[in-house]
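Residue-level structural notes
Now for the letters of each chain:
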Amino acid sequence: MQHGQHEKDEVALLARVSAGDRLAFEALYRSYFSRLSRFIGRMTRNAALIEEVVNDTMLVVWQKAASFDGSCKVSTWIFAIAYRKTLKGLKAGDDPVESDASLYEDDSGNQPEQAIGRHQLRQTVADALDQLPAAQRAVMVLTYYHDMAYSEIAEVVECPLNTVKTRMFHARHRLKDLLWNERESTR
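Quick caveat: nothing in here was measured; it's all calculated off a predicted structure.

Here we look at unusual backbone geometry
Within the chain, Asp147 stands out as a residue other than glycine whose phi angle is a positive 50°. Note on Asp147: relative accessible area 66%, which makes it exposed. Even without glycine at this site, Glu158 takes up a positive phi of about 55°. Topologically, Glu158 is positioned in the loop between helix H7 (150-157) and helix H8 (161-185).

Okay, structure coming up:
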């Protein structure tokens, strides 16, 4: 399906949600649940917070669907809500708990050594991402895990495009340093 058609379908679905169509809402919820869970899960490791933020985000979508004005993509609007809810949850000061790593696994049936190596690499990158400030982590996650353009990210995190670029610049350098230090400490 082409991106333009997909966006039109989502706009139509959201219009039905704004009219109180529960089936449309369920379809939208199913469509976004795993994407939002992955995004929020890379912002925090608190499994309860992930579930709470996904549900809070979708509740806002249900309640505020009529306020969507089409000035951005539906996905941008929903991710912006999730981002704000995640920051609010992080500010509440919940202690992070280990996330269920199986949510991020990619067991494609390869050799056990390769699977262990991939798991260790994913864990190392996830640990390094955890050490970035939330604003930088969000930019990295939205870019690399959700294929968003900087202009979309600027809308999600509600800041100027140049700020997104600056955050990405600093995040890349910080991540490189963290990963280099990790590599040196395991030698």
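Digging into the packing of helix H4 (residues 74-91) against H7
Running from N to C, H4 and H7 cross one another at 45°; their axes reach a closest spacing of 7 Å. As judged from the angle between their axes, H4 and H7 are oblique. Judged by the sense of rotation from one axis to the other, the crossing of H4 with H7 is right-handed. Contacts between H4 and H7 pair Ser75, Thr76, Phe79, Ala80 and Tyr83 from the former with Glu152, Glu155, Val156 and Val157 from the latter.

Notes on the pattern of salt bridges
Scanning all chains against the criterion turns up 5 salt bridges. A salt bridge links Glu152 to Lys73, with the shortest nitrogen-to-oxygen separation between them at 3.2 Å. Of this pair, Glu152 sits in helix H7 while Lys73 sits in the loop between helix H3 (47-64) and H4, and the two are 79 residues apart along the sequence. The class for Lys73 is partly exposed, based on a relative accessible area of 39%. Among the ionic pairs, Glu158 bridges to Arg84, the shortest N-O distance being 3.2 Å.

Details of the side chain of Gln136
Looking at the secondary structure, you find Gln136 in helix H6 (residues 134-144). If sequence neighbours within four positions are ignored, Gln136 has contacts with Arg167, His170, Ala171 and Arg174.

Let's talk about the confidence of the model for the protein chain
Residue-level pLDDT values for the protein chain average 84, and 83% of them are 70 or greater. Note that residues 94-110 has pLDDT below 50 and, in this model, 23 contacts with residues that lie over four places away or in other chains.

The rules behind the values
Residues numbered from 1 in each chain as written. Predicted model: local features only at pLDDT ≥ 70, side-chain atom pairs only at ≥ 80, totals over all residues. Heavy atoms only, no water. Buried < 20%, exposed > 50% of the residue type's maximum accessible area, 1.4 Å probe, protein only. Helix = DSSP H or I, 4+ residues; strand = E, 2+ residues; numbered from the N terminus. Axes fitted to C-alpha atoms, helices over the stretch in contact; angles between N-to-C directions. Parallel < 35°, antiparallel > 145°, perpendicular 65-115°, else oblique. Left-handed = near helix turned anticlockwise from the far one by under 90°. Contact = heavy atoms within 4.5 Å. Salt bridge = Lys/Arg side-chain N within 4 Å of Asp/Glu carboxyl O. pLDDT = per-residue confidence, 0-100.

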